[in-house]
Amino acid sequence: MSDVDDSLIGALARAGVEAAKLVRKSAEEAAAELSGALGADQIKLPAGLLGRGPMIPGPYKRPGQGITWQDGYMASCALSVARAVQQHDLQPVTALAVGAQALLHARPQGYRLTEVGLNAHRVLDRREWRRLATAPVLHADLPHLASNCTGLVLEGLPLERRLGSVRFAALLGSCALLSQGLYLLSARLARDWLPRSSMADHYFRSYAVGFSAVALALKVIAGYMREADLAAARVAPSEEFLLTAGRLSAWPALLLSHYLLPAASLPGHLCGIATGVLHVYGGRALGWLMARLRLGNAGGGRRRLQGGRLLPGGRGPAGLGAFGHPGLGWMDLGSHLLLGAGTALSAKTAMGGSLKVQAPSSRKSVNTVVVASSGKKIDISKQGLNSIENETVKLNLMGRSKTMESKGWVDPQGRKGKGYGVYRFANKYGANVDGYSPIYTPDTWSESGDSYKLGTKGLIAWAGLIVVLLGVGINLVISTSALGQ
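Everything numeric in this text was worked out from a predicted model, so none of it was measured. (Residues numbered from 1 in each chain as written. Predicted model: local features only at pLDDT ≥ 70, side-chain atom pairs only at ≥ 80, totals over all residues. Heavy atoms only, no water.)

(A) Looking closely at the packing of helix α10 (residues 212–232) against helix α13 (residues 266–292). Direction vectors running N to C along α10 and α13 enclose 35°, while the axes themselves pass 7 Å from each other. Crossing angle aside, the handedness with which α10 passes α13 is right-handed. Two secondary-structure elements touch here, α10 through Ser 212, Ala 213, Leu 216, Ala 217, Val 220, Ile 221 and Tyr 224 and α13 through Gly 268, His 269, Gly 272, Ile 273, Thr 275, Gly 276, Val 277, His 279, Val 280 and Tyr 281. Of the residues assigned to the contact of α10 with α13, the class counts are ten nonpolar, seven polar and no charged. (Axes fitted to C-alpha atoms, helices over the stretch in contact; angles between N-to-C directions. Helix = DSSP H or I, 4+ residues; strand = E, 2+ residues; numbered from the N terminus. Left-handed = near helix turned anticlockwise from the far one by under 90°. Contact = heavy atoms within 4.5 Å. Nonpolar A, V, L, I, M, F, W, Y, C, P; charged D, E, K, R; others polar.)

Rendered as structure tokens:
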């Protein structure tokens with residue numbers, strides 16, 4: 001008899017182990033599919049989920065999926081790259097950067113996101129500095145790689161042709177380090193000063209990958225340089241030029257990308273734009289200081305015309321070509337700050353949060369003592385149920401029963417009730433859980449389905465967007481008219 005019991009217990013144990021393996025495999029597949037969302041360069045994971053996290057890069061398409069808009073997007077990226085190469089010729093550093101990212105992306109076994117992604121807690125607290133090198137060059141999926149490499153080619157080829165391969169390589173490295181440094185700093189400050197904000201949550205649970213921050217920084221720097229060239233040629237840029245190819249061109253691109261891909265890392269992209277602005281203003285400040293100290297040709301010297309383009313004449317820090325930009329100043333910085341605030345507000349209000357898996361945080365202790373709430377008494381007559389004509393339905397939605405409120409009622413098992421009703425403390429607190437949050441409230445319905453009220457938060461978001469647009473418009477008018485000359 002004992003042998004039979006032992007064999008039965010062994011069979012049950014083996015079945016339990018196989019079931020656990022099956023559940024784990026299904027969960028890993030679900031997480032991998034989640035990580036493969038287009039543009040999901042930031043995926044937040046709670047501590048302990050699957051132990052090591054999902055794999056990247058994710059699949060380009062699900063099995064059996066036909067032609068999608070991603071195919072058209074990939075084709076447009078290929079055409080843009082071909083046109084840029086035709087116009088500016090292939091440059092060695094840009095080609096090497098794109099080829100290295102593509103080669104790393106093609107690794108058959110992939111990468112664990114939690115082992116290579118940029119996470120503030122693991123970098124600052126655990127000193128995992130290798131993430132500063134792995135995070136920018138790895139991507140979540142193929143469209144993510146194509147998007148960032150296209151941005152690198154479009155802005156990198158003309159910049160490398162203008163600055164030279166050595167200085168352009170140094171610019172790529174400084175943009176990568178500075179953008180990640182700003183991201184880590186913002187996450188650390190949010191953790192210390194705004195512990196309940198989403199940025200504080202990023203400190204522990206966000207793993208970011210992708211080259212998009214560097215691509216946006218290059219876009220900002222190239223925009224300033226184009227405007228400086230127009231100013232040197234005494235040509236006033238148009239408003240369209242400022243928003244499509246000028247110093248503000250990164251903001252429409254950022255806003256459009258987050259409307260299309262809400263899972264993209266907004267803090268990382270904002271840090272990328274800030275990196276470009278800091279490079280321009282930092283180069284100007286350092287060039288001014290070196291010129292005051294008469295340390296060689298720090299101010300860039302006389303620029304020369306080569307191949308139809310104005311090239312910087314010096315090799316100093318102002319050699320980026322934006323040293324003589326007439327629009328640098330507080331108005332320009334204010335435009336970037338307003339656009340940054342408006343973009344963050346629009347992304348939070350209109351597009352919702354980033355791709356996220358919710359779980360209780362383990363960063364602080366939780367008090368498990370249950371105490372009674374002393375909230376004010378609910379008024380059941382104001383819960384939106386008064387227009388219901390059927391009395392039985394109305395009482396059910398309120399969580400009340402006249403039968404159970406009488407002391408003489410008997411339940412189906414023959415037990416005599418005490419007259420407390422459905423909820424013993426309904427008279428004390430006004431209602432039970434059904435009355436506090438009824439599922440059917442016709443009194444609160446709008447008279448017309450065509451009307452929509454923004455509410456307080458919506459009005460604030462609308463007002464903020466109007467202020468941002470007015471500020472940008474005023475800045476564009478001043479910078480393109482005689483007032484700004």
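Next comes the rest of the write-up.
(B) Helix α8 (residues 165–193), seen in detail. A rise of 1.5 Å per residue sets the reference length of α8, with its 29 residues, at 42 Å; its end C-alpha atoms lie 42 Å apart and thus fit the reference within 8%. Buried within α8 we find Phe 168, Leu 171, Leu 172, Cys 175, Ala 176, Ser 179, Gln 180, Leu 182, Tyr 183, Leu 184, Ala 187 and Ala 190. (Expected span 1.5 Å × (residues − 1). Buried < 20%, exposed > 50% of the residue type's maximum accessible area, 1.4 Å probe, protein only.)

(C) Examining unusual backbone geometry more closely. Between Ile 56 and Pro 57 the backbone carries a cis peptide bond, its omega angle lying at 0°. Structurally, Pro 57 can be placed in the loop between β2 (55–56) and α2 (69–88). In the Ramachandran plot, Asp 89 falls in the positive-phi region, its phi being about 65° despite a non-glycine side chain. Mapping Asp 89 onto the fold places it in the loop between α2 and α3 (92–105). In the Ramachandran plot, Arg 127 falls in the positive-phi region, its phi being about 60° despite a non-glycine side chain. Tracing the sequence through the fold places Arg 127 in the loop between α5 (120–125) and α6 (131–134).

(D) Structural detail: the packing of α3 against helix α7 (residues 142–163). Interaxial distance between α3 and α7 falls to 9 Å at its minimum, and their mutual angle equals 170°. Classified by the angle their axes make, α3 and α7 are roughly antiparallel. The segment α3 lies against α7, with Pro 92, Val 93, Thr 94, Ala 97, Val 98, Gln 101, Ala 102 and His 105 engaging Leu 142, Leu 145, Cys 149, Leu 152, Val 153, Gly 156, Leu 157 and Glu 160. (Parallel < 35°, antiparallel > 145°, perpendicular 65-115°, else oblique.)

(E) Layout of the pattern of salt bridges. Evaluation of the coordinates by the stated rule reveals 14 salt bridges. Between Asp 125 and Arg 188 there is a salt bridge, with its nearest N and O atoms 4.0 Å apart. Remark: Arg 188 occurs in helix α8 and Asp 125 occurs in helix α5; sequence separation between them is 63 residues. Close ionic contact of Asp 192 with Arg 191 constitutes a salt bridge, the shortest N to O distance being 2.9 Å. Shared partners join several salt bridges into a network, and the residues in it are Arg 122, Glu 128, Arg 130 and Arg 131. (Salt bridge = Lys/Arg side-chain N within 4 Å of Asp/Glu carboxyl O.)

(F) Structural view of empty space enclosed by the protein. This model, assessed by the stated rule, comprises two cavities of 30 Å³ or more. Among the secondary structure elements, those contributing two or more residues to the lining of the largest cavity are α8, α10 and α13. Residues belonging to the lining of the largest cavity are distributed by class as follows: eight nonpolar, seven polar and one charged. (1 Å grid on protein atoms, 1.4 Å probe; cavity = no way out; pocket = protein on both sides within 12 Å on 5 of 7 lines; lining within 4 Å. Points joined across faces, edges and corners; volume = space filled by probe spheres on them.)

(G) Region of the structure containing the environment of Lys 407. As for its position among the elements, Lys 407 is in the loop between α15 (391–398) and α16 (426–429). Under the relative-accessibility criterion, Lys 407 is labelled exposed at 63%. Along the chain, Lys 407 and Gly 421 lie 14 residues apart, while their C-alpha atoms are 9.2 Å from each other. Lys 407 has contacts with Lys 416, Gly 417, Lys 418 and Gly 419, leaving out every residue within four places of it along the chain.

(H) Fine view of the nonpolar core. Formed by 35 residues in total, the largest nonpolar core has its most connected members in Phe 168, Leu 171, Leu 172, Cys 175, Val 214, Leu 218 and Ile 273. Breaking this core down by element, the ones donating at least two residues are α3, α7, α8, α10, α12 (250–260), α13 and α18 (455–479). Considering every element that reaches this core, the biggest residue donor is α10, with nine residues. Residues contacting Val 214, with those up to four places away along its chain left out, are Leu 172, Cys 175, Ala 176 and Ser 179. Residues Val 123, Ala 135, Ala 187 and Met 199 belong to the second largest nonpolar core, which totals 14 residues. (Core = buried A, V, L, I, M, F, W, Y, C linked by side-chain atoms within 4.5 Å.)

The values are spatial; any link to function lies outside them.
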